[in-house]
Amino acid sequence: MATKLKNLSDHSAKNISNIGKKKFAVIVSEWNEEVTESLFSGAYQTLIDQGAQKENIIKHYVPGSFELSMAAQWLAAKKEIDAVICLGCVIQGETKHFDFICDAVAHGITNVSLKYNKPVIFGVLTPNTQQQALDRAGGKHGNKGDEAAITAIKMLGLAEQL
Ligand SMILES: Nc1c(NC[C@H](O)[C@H](O)[C@H](O)CO)[nH]c(=O)[nH]c1=O
Ligand SMILES: CC(=O)[C@@H](O)COP(=O)(O)O
């Protein structure tokens, strides 16, 4: 379903297990910081609203979305980290650079989650325009950061059931 047909901030709290003791690493790309900081604000507040403890939400920055995979690997390797949330915004430019970054970070993040057997969430916007990004970072389509936080919590709940 396209984002325009749903709100990224809609979720059902009843499906989420207690996360008071879970530790989250949230990695934020510095590129398009107006967008990525809004994504972080959404993710952070959603984690808190769902019962995570402030001291268990650890924020780190990387230069760009391409570096999210490397930082995710360093953090996922830490036993005390239960889930990693990667937040970025890659905006289409004039060249194919966009395609290479998006492909690399999507595959990179997936590989880290499978390597360390823990949730590593793809909270990366890949819009065509700045406005599309803003619409998905606290705008008319909600906040991808909210969605990324809920996804991390739901995956931790699923892991506990299996
Ligand atoms: N153009 C965007 C970038 N580019 C930078 C890359 O992510 C990377 O840091 C660089 O290629 C060096 O390895 N990054 C974004 O996150 N968003 C963009 O729109
Ligand atoms: C996604 C990018 O790296 C992009 O912003 C770079 O822009 P351009 O393709 O015009 O060099």
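Residues numbered from 1 in each chain as written. Chains lettered and ligands numbered in written order. Predicted model: local features only at pLDDT ≥ 70, side-chain atom pairs only at ≥ 80, totals over all residues. Heavy atoms only, no water.

The protein chain is annotated in an unreviewed UniProt entry as 6,7-dimethyl-8-ribityllumazine synthase of Marivirga aurantiaca. Quoted straight from UniProt, the Pathway (unreviewed entry) entry for the protein chain says "Cofactor biosynthesis; riboflavin biosynthesis; riboflavin from 2-hydroxy-3-oxobutyl phosphate and 5-amino-6-(D-ribitylamino)uracil: step 1/2." Of the comments in the UniProt record for the protein chain, the one headed Function (unreviewed entry) reads "Catalyzes the formation of 6,7-dimethyl-8-ribityllumazine by condensation of 5-amino-6-(D-ribitylamino)uracil with 3,4-dihydroxy-2-butanone 4-phosphate. This is the penultimate step in the biosynthesis of riboflavin." (UniProt positions renumbered as here; feature names shortened; annotations may be inferred.)

Asker: Help me out: how do you make sense of the site of ligand 2 in this one?
Answerer: If you check the shell around ligand 2, you find V90, I91, G93, E94, T95, H97, F98 and I101 and nothing else. Between T95 and ligand 2, the recorded distance is 2.5 Å, taken from a side-chain N or O atom to an oxygen atom. Side-chain polar atom of H97 to an oxygen atom of ligand 2: 2.6 Å apart, as the coordinates give it. Look at ligand 2: alone it shows 330 Å² of surface, and the protein chains cover 72% of it. The cavity that encloses ligand 2 is the largest pocket. Grouping the amino acids of the shell around ligand 2 by side-chain chemistry returns 4 nonpolar, 3 polar and 1 charged. (Near = heavy atom within 4 Å. Polar contact = N/O pair within 3.5 Å; in protein donor to acceptor, adjacent residues only side chain to side chain. Areas by Shrake-Rupley, 256 points an atom, 1.4 Å probe, with all protein chains shown as cover. 1 Å grid on protein atoms, 1.4 Å probe; cavity = no way out; pocket = protein on both sides within 12 Å on 5 of 7 lines; lining within 4 Å. Sits in = over half its atoms within 2 Å of the grid points. Nonpolar A, V, L, I, M, F, W, Y, C, P; charged D, E, K, R; others polar.)

Asker: Would you mind going over unusual backbone geometry with me for this structure?
Answerer: For residues other than glycine, phi is negative in most cases, and the peptide bonds are mostly trans. Phi at N32 is positive, roughly 55 degrees, even though this residue is not glycine. Note on placement: N32 falls in the loop between strand 1 (24-29) and helix 1 (33-49). For N117, which is not glycine, the phi torsion reads 55 degrees and is therefore positive. Along the polypeptide, N117 turns up in the loop between helix 3 (97-116) and strand 4 (120-125). (Helix = DSSP H or I, 4+ residues; strand = E, 2+ residues; numbered from the N terminus.)

Asker: What exactly am I supposed to notice about the environment of Q73 here?
Answerer: Position of Q73 relative to the elements: it lies in helix 2 (residues 68-76). Q73 gets classed as partly exposed once you look at its relative accessible area, which sits at 25%. Separated by 42 residues in the primary sequence, Q73 and K115 place their C-alpha atoms 8.7 Å from one another. Beyond its immediate stretch of four places on either side in the chain, Q73 contacts V112, K115 and Y116. (Buried < 20%, exposed > 50% of the residue type's maximum accessible area, 1.4 Å probe, protein only. Contact = heavy atoms within 4.5 Å.)

Asker: Can you walk me through the nonpolar core in this structure?
Answerer: Soluble globular proteins tend to bury their nonpolar side chains together. One finds F24, V26, V35, L47, I85, L87 and L125 to be the most contacted residues of the largest nonpolar core, which totals 24 residues. Contributions of two or more residues to this core are made by strand 1, helix 1, strand 3 (83-89), strand 4 and helix 5 (144-161). Not counting residues within four places of it along the chain, the set of residues in contact with F24 comprises I19, L47, A52, N56, I57, I58, A83, I85, A152, I153 and L156. Ranked by size, the runner-up nonpolar core spans 20 residues in total, among them L75, F98, C102 and V105. (Core = buried A, V, L, I, M, F, W, Y, C linked by side-chain atoms within 4.5 Å.)

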